[in-house]
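The primary structure of each chain is shown beneath.
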Amino acid sequence: MPLVKMTELFAAHDDTSFAVGAFNVSNMEMAWGAIQAAEELQTPLILQIAEGRLRYSPLDLLGPVMLAAAKRCKVPVAVHLDHGGTLETIKLALSLGFTSVMFDGSKYPLEENIRRTKEVVELAHAQGAAVEAEIGRVGGAEGDYKSVDVLVTSVDEAKKFAEETGVDALAVAIGTAHGNYTVQPKLRIDRLKEIFDAIKTPLVLHGGTGLTEDDFKNCIANGIKKINIATASYDNSARKIREVCAANPNAKFFDFSDAIVCGTCENVKRHMKIFNPERQA
Ligand code: 13P
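Calculation rules
Residues numbered from 1 in each chain as written. Predicted model: local features only at pLDDT ≥ 70, side-chain atom pairs only at ≥ 80, totals over all residues. Heavy atoms only, no water. Axes fitted to C-alpha atoms, helices over the stretch in contact; angles between N-to-C directions. Helix = DSSP H or I, 4+ residues; strand = E, 2+ residues; numbered from the N terminus. Parallel < 35°, antiparallel > 145°, perpendicular 65-115°, else oblique. Left-handed = near helix turned anticlockwise from the far one by under 90°. Contact = heavy atoms within 4.5 Å. Nonpolar A, V, L, I, M, F, W, Y, C, P; charged D, E, K, R; others polar. Phe/Tyr/Trp six-rings, centres within 6.5 Å; stacked < 30°, edge-to-face > 60°. Buried < 20%, exposed > 50% of the residue type's maximum accessible area, 1.4 Å probe, protein only. Lys NZ or Arg CZ within 6 Å of the ring centre and 35° of its normal.

Caption draft 1: Spotlight on the packing of helix 4 (residues 87-96) against helix 5 (residues 110-126). Relative orientation of the contacting elements helix 4 and helix 5 amounts to 20°, with a least axis distance of 11 Å. On the basis of the axis angle, helix 4 is roughly parallel to helix 5. Crossing handedness for the pair helix 4 and helix 5: right-handed. Contacts between helix 4 and helix 5 pair Leu87, Ile90, Lys91 and Leu94 from the former with Glu119, Val120, Leu123 and Ala124 from the latter. Looking at the contact of helix 4 with helix 5 residue by residue, the class counts come to six nonpolar, no polar and two charged.

Caption draft 2: Representation of the packing of aromatic side chains. Tallied over the entire structure, the rule returns two aromatic pairs. Here Phe216 and Phe275 contribute two aromatic rings whose centre-to-centre distance is 4.9 Å and whose plane-to-plane angle is 70°, an arrangement assigned as edge-to-face. You can see Phe216 sitting in helix 8 (residues 213-221) and its partner Phe275 sitting in helix 10 (residues 253-275), a full 59 residues away along the chain. The pair Phe216 / Phe275 is uniform in exposure class, with both members buried. Between the aromatic rings of Phe253 and Phe254, the centroid separation amounts to 5.0 Å while the plane-to-plane angle is 85°, which identifies the pairing as edge-to-face. Here Phe253 and Phe254 have matching classes, each one exposed. Note that Arg116 overlies the ring of Tyr108, its terminal NZ or CZ placed 4.1 Å from the centroid.

Structural data, given as structure tokens:
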């Protein structure tokens, strides 16, 4: 199957029956586990890595692995840079052949976020890649960044941002945060619906780990087209490794490799079944 652009995987604006899962990976085993899940459930996915995690897996090393995994998968897969913060990393992802990049300018004032995002859109579109950006602020921290508070996206700002930047996907802040929740969030579905009614740009939900099945379904029914899951795959893989150690103190290196593949595959399948129940073979 071809490597595709994430925009090819999104439902049409008015089709609120499913969302595409975007799963963060940090090594070959995780990428392989995600691909196995996609094939088993015959469900397309987005493989992504966040700039804040590159300390553990440099993009010039892991990027080609992600692209190779996508190209050998029997269902369509997009390869995406998550939370790109620097032009240097975005340019590297594009030169490797990533089919989309996120520029996260949410820490900047609106006009500066627009200006910087437009620069990335120009750069990426010239190379045939798609761009996701963020308006408002998702809480918590993805990778090595400092944790921040949620700033719920304003409808007017989302509209202005989408019109002026021409981004292909827009991450909105509706109460979610990256990482595990200490208190279950109350999602602003009302705000999501208002944004969905105001703009046609596909909407993205970050901070998927720990949301309930009802939360996911509510978000999809109200316009979310892409859902990001990171921590749940890391946690499930770590849990599998601990199980291997507990069951066998003499466990070998490759037992741990298998645990990561299996831990990621299991978590990706669990979420795919919620995000896209119609699609499963
Ligand atoms: P979680 O780690 O909460 O699943 O968030 C993932 C995410 O939004 C990646 O950008």
